[in-house]
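Working through the structure, step by step
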Amino acid sequence: MSAAPRTVVGLDLGGTQVKGGFVLEGEDGKPDLDQTLSRVVAIDTNLDAGADDLLDRLAGFARELGSDGPLGLGVPGVFEEPGGRLLRSANLKALEGLDLGAELARRLDLPREHVCVDNDANVATYGEQWLGAGAGIQDLIMLTLGTGIGSGLVINGHLYKGPTGKAAEVGHMVVRSLPVNGTEDPYLRCGCGAYGCLERLASASAAIHRAQAAGLETDLGKLCGLARAQSGPERELLFEIGFDLGAGLLATTAALDVTCYVIGGGFGRSLDLLEPGIRAALAERDYGHAPPRLLPATLGASAGWIGAARMALDSLG
Ligand SMILES: [Zn+2]
């Protein structure tokens, strides 16, 4: 006798939009992909009316998507682990201090353990490893190159978050240290307080800053178009950014023996232009590591809600 198909809902809460969809698990226990990827919808985040209003609307959105089962939610921010309270979120300050999982479980009349809330980079990584570029790959790190650099780590098919939920923050790995008594480049002082973090060198924002400093086109799409069309200063800049990114991957590989990196985010779509620099940096060390695979993310903006839905599915055991 086969069990009834199970439906879980995933939501990805962004600063301006909440994307959502449901995953229908087929009778074979695998997700029904046609159903999964064809039913994506979104609502506005809009925190003007306060946290309670947004939580009510999130619960309503989940119900509309057909959830009377588990729910997963991705949120850009730092969580207290264990516990799950949102400690910090630059774009969703009104939600700070709340246990979003408990709030939504109460509104949806679900057991607390069936509402899974996690950092947006973690859920995106979990989504790509499940149904995207990393499908079938058991060990990988995903980097999302956007305003900052988000990252998530999957070991043996499971998301690894560390004892306090902050493992694999590759974006805050220091790759350009300040020389003793040296002069700081103020831009390289990261929001986290440290100097020379990877995200101050190789995120989309950093790329724009570096293009501006070099007197080049500051529209990233146009900059990459020029770099793709011909060799010149644009292509050279993307090589240099790739080289810094490669320095981050070199350190990460040394720590974790990573064999596969999935690169996502808006700027990640230019992986072809970054890869020569990344490879050049990786080639500097000969320690017996095989060159890691570098895969462009394939789920785009859907990675987050899909990964959140998978967490919800996991909660069923
Ligand atoms: Zn940092």
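Treat the numbers as computed from the prediction; the structure is a model and nothing was measured.

In this structure, the amide linkage connecting E81 to the following residue, P82, adopts the cis form with an omega of -5°. Counting through the fold element by element, P82 comes out in the loop between strand 5 (78-79) and strand 6 (86-88). Backbone geometry places D109, a non-glycine residue, at a positive phi of 55°. For D109, the position within the fold is in the loop between helix 3 (100-108) and strand 7 (115-119). Not every positive phi belongs to a glycine, and N156 is a case in point at roughly 50°. Looking at the element boundaries, N156 is found in the loop between strand 9 (149-155) and strand 10 (158-159).

On to the packing of helix 6 (residues 204-213) against helix 8 (residues 233-256), then. As a packed pair, helix 6 and helix 8 sit with axes 11 Å apart at the nearest point and diverge in direction by 140°. Put simply, helix 6 runs oblique to helix 8. Note that helix 6 runs across helix 8; the crossing there is right-handed. Of helix 8, the residues touching helix 6 (which contributes A207, R210 and A211) are L237, E240, I241 and D244. Looking at the contact of helix 6 with helix 8, its residues break down into four nonpolar, no polar and three charged.

As a rule of thumb, nonpolar side chains are buried together in soluble globular proteins. L143, L145, L245, Y261, F267, L274 and I278 are the most contacted members of the largest nonpolar core, which totals 33 residues. When residues of this core are traced back to their parent elements, those giving at least two are strand 8 (140-145), strand 9, helix 6, helix 7 (220-229), helix 8, strand 11 (260-264) and helix 9 (271-282). Per element, the largest residue contribution to this core is six residues, and it comes from helix 8. Those residues in contact with Y261 that lie beyond four places of it in its chain are I141, L143, L249, T252, T253, P292, R293, L294 and L295. Formed by 28 residues, the second largest nonpolar core is a distinct cluster that contains V18, L55, L73 and L110.

Turning our attention to the pattern of salt bridges. Applying the stated criterion across every chain, the model contains 15 salt bridges. Among the ionic pairs, K161 bridges to D118, the shortest N-O distance being 2.8 Å. Taken together, the positions of K161 in the loop between strand 10 and helix 5 (199-202) and D118 in strand 7 put the pair 43 residues apart, joining distant regions of the chain. According to the relative accessible area criterion, K161 is partly exposed, its value standing at 25%. Accessibility expressed as a relative area gives 3% for D118, which makes it buried. A salt bridge links D244 to R210; its shortest N-O distance comes to 2.7 Å. Here D244 is found in helix 8, whereas its partner R210 is found in helix 6, with 34 residues between them in sequence. Using a relative accessible area of 14% as the deciding quantity, one classes R210 as buried.

Here we take up the coordination of the zinc ion. Taken together, the protein ligands of the zinc ion are H172 (ND1), C190 (SG), C192 (SG) and C197 (SG), with distances of 2.0 to 2.3 Å. For the zinc ion, the four donor atoms in the first shell make angles of 104 to 123° at the metal, so the coordination geometry reads as tetrahedral. All donors of the zinc ion come from a single chain, and their spacing in sequence reads H-x17-C-x1-C-x4-C. With a gap of 18 residues between them, H172 in the loop between strand 10 and helix 5 and C190 in the loop between strand 10 and helix 5 connect regions that are remote in the sequence.

What follows deals with the packing of aromatic side chains. On inspection of all chains with the given rule, the structure shows zero aromatic pairs. Cation over ring: R200 sits above Y187, and NZ or CZ is 4.1 Å from the ring centre.

A separate point is the sheet that holds strand 7. Taking strand neighbours across the sheet as the criterion, the five strands line up as 3-2-1-4-7 in an open arrangement whose pairing is mixed. Lying at the two open borders of the sheet, with one neighbouring strand each, are strand 3 (41-44) and strand 7. Neighbouring strand axes in the sheet, compared pairwise and without regard to direction, differ in orientation by 20° on average. The sheet contact formed by strand 2 (residues 17-25) and strand 3 spans four bridges and is antiparallel.

Criteria and thresholds
- Residue numbers here run from 1 along each chain, matching the order of that chain's written sequence.
- Two thresholds apply to this predicted model, a pLDDT of at least 70 for residue-level local features and 80 or more for giving and counting side-chain atom pairs, whereas whole-chain, interface and lining totals are computed over all residues.
- Side-chain measures here rest on the full set of heavy atoms in the structure, leaving out hydrogens and waters.
- Helix and strand assignments come from DSSP, with helices taken as H or I runs of at least 4 residues and strands as E runs of at least 2, each series counted from the N terminus.
- Structural elements are reduced to axes, namely lines fitted to C-alpha atoms, with helices fitted over the stretch in contact, and the angle between N-to-C directions of any two is expressed from 0 to 180 degrees.
- Working definition: roughly parallel below 35 degrees, roughly antiparallel above 145 degrees, roughly perpendicular at 65 to 115 degrees, and oblique for all remaining angles.
- Each crossing is labelled by how the near helix is turned from the far one, with a counterclockwise turn of less than a right angle marking it left-handed and a clockwise turn marking it right-handed.
- Whether two residues are in contact is decided by their heavy atoms, any of which lying within 4.5 Å being enough.
- Under the scheme applied here, ten amino acids are nonpolar (Ala, Val, Leu, Ile, Met, Phe, Trp, Tyr, Cys and Pro), four are charged (Asp, Glu, Lys and Arg), and all others, including Gly, are polar.
- Buried Ala, Val, Leu, Ile, Met, Phe, Trp, Tyr and Cys residues that are joined via side-chain atoms within 4.5 Å together make up what is termed a nonpolar core.
- Only protein chains enter the accessibility calculation, which uses a 1.4 Å probe; a residue is then buried when its area is under 20% of its type maximum, exposed when over 50%, and partly exposed in between.
- Salt bridges are identified by distance alone: a Lys or Arg side-chain nitrogen within 4 Å of an Asp or Glu carboxyl oxygen.
- Only nitrogen, oxygen and sulfur atoms qualify as donors, and only when within 2.8 Å of the metal (3.2 Å in the case of Na, K and Ca); with water excluded, sites may look incomplete.
- The rule is simple: four donors are tetrahedral if all their angles sit between 85 and 135 degrees, four are square planar and six octahedral if opposite donors span more than 155 degrees and the others lie between 65 and 115, and anything that fits none of that is irregular.
- Here is the rule: rings of Phe, Tyr and Trp (six-membered ring for Trp) pair when centre to centre is within 6.5 Å. Planes less than 30 degrees apart are stacked, more than 60 are edge-to-face, and the remainder are tilted.
- Geometrically, a charge over a ring is one whose NZ (Lys) or CZ (Arg) sits within 6 Å of the ring centre while staying within 35 degrees of the ring normal.
- Strands pair, by our definition, only if DSSP identifies at least two bridges between them.

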